[in-house]
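What follows is the residue order along each chain.
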Amino acid sequence: MRSWSLIRFYTLLVYLFMFTPIAIVVVLSFNDAQFGGFPIQGFSLRWFEALANNEPVVRAFRTSLLMGIAAAVIATTLGILASLALMRYNVPGTNFLNTLLIAPVLVPETVLAVGLLLFMRWLDQPRSLVLLLAGHVLIALPFVVLVVQARLVGIRKVYEDAARSLGANPVQTFFQITFPLLMPAVFAGLLFAFTISFDNITGTLFWRPPGVETVPTQIFGMLRHSISPEINALGTVMIVITVGLPLLAGAVARAFARGRL
């Protein structure tokens, strides 16, 4: 019993170490004072209003939003097609291809970012929004594949065979049978891919073209000059998005599984 108490205490310390800085950022984002500190001098939304009037931040947020949506749509589409091909058809080298698809999860992101950048340099292609989008799709695709494949395992192929035996072609079978059954995984994968793209900074620093900022790189740039209360407010917005969307994805997936949606 004593050993379990020590494990619980150690686990509590780990969680406090991980989440206390996040809680401090959230609390200080509502501080009315110009300089962060405790005790806070009053509750205020002034720094969120300052963010809304900060053109570089708004531009970075718009870039991250558009990039996240594009990366999520492309990664989800490719993930669905790849998962169906590997799990529903006899594709040669299935195990190798499956490993190749999830390899970006296993490779350190810095190595992946440098490798893709060097490859594009070898092709004599400069850093551009296309390279940035391709990189975000590359790091988001494995998560979509894993989620969709986990859902496909639970979908019995007899439903698709029954539709085909009744005269439906492969396209009709997919959109009328397979896709509705895959919807929880599709929605979850879409939100996960968007979140991964939206808060990525390591790869973005290597792939973004000059003059283009996303929200994480904008925060990084602001921290190099000074610690402004606007950074706390921007960090709170990032926390809400990157934590809220996966929670929403899980809730929607459970609702789909229970037949409520």
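See the structure shown above.
Remember, predicted model here, so these are calculated numbers, not experimental data.

Trainee: Explain the pattern of salt bridges residue by residue, including any values.
Mentor: Tallying each qualifying case throughout the model produces 2 salt bridges. With a closest N to O distance of 3.6 Å, Glu55 and Arg59 form a salt bridge. One end of the pair is Glu55 and the other is Arg59, both in helix 3 (residues 55–88) and 4 residues apart, which spans about a single turn. Here Arg208 and Glu213 are joined by a salt bridge, their closest N and O atoms 3.3 Å apart. Given a relative accessible area of 18%, Arg208 falls into the buried group.

Trainee: Lay out the nonpolar core with the relevant residues and their values.
Mentor: Among the nonpolar cores identified, the biggest contains 31 residues, and Val148 and Leu234 are the most heavily contacted of them. Breaking this core down by element, the ones donating at least two residues are helix 2 (46–52), helix 3, helix 6 (129–153), helix 8 (170–198), helix 10 (215–225) and helix 11 (229–257). Among the elements that take part in this core, helix 8 stands out by supplying 8 residues, more than any other.

Trainee: Explain the packing of helix 7 (residues 157–165) against helix 8 to me, using residue names and the numbers behind them.
Mentor: Where helix 7 contacts helix 8, the two axes come as close as 10 Å, and the packing angle between them is 150°. On the basis of their axis angle, the class for helix 7 and helix 8 is roughly antiparallel. In this structure, helix 7 crosses over helix 8, and the sense of that crossing is right-handed. Of the residues in helix 8, those in contact with Tyr159, Glu160, Ala163 and Arg164 of helix 7 are Pro170, Thr173, Ile177, Thr178 and Leu181. Considered class by class, the residues forming the contact of helix 7 with helix 8 number 5 nonpolar, 2 polar and 2 charged.

About the thresholds
Residues numbered from 1 in each chain as written. Predicted model: local features only at pLDDT ≥ 70, side-chain atom pairs only at ≥ 80, totals over all residues. Heavy atoms only, no water. Salt bridge = Lys/Arg side-chain N within 4 Å of Asp/Glu carboxyl O. Helix = DSSP H or I, 4+ residues; strand = E, 2+ residues; numbered from the N terminus. Buried < 20%, exposed > 50% of the residue type's maximum accessible area, 1.4 Å probe, protein only. Core = buried A, V, L, I, M, F, W, Y, C linked by side-chain atoms within 4.5 Å. Axes fitted to C-alpha atoms, helices over the stretch in contact; angles between N-to-C directions. Parallel < 35°, antiparallel > 145°, perpendicular 65-115°, else oblique. Left-handed = near helix turned anticlockwise from the far one by under 90°. Contact = heavy atoms within 4.5 Å. Nonpolar A, V, L, I, M, F, W, Y, C, P; charged D, E, K, R; others polar.

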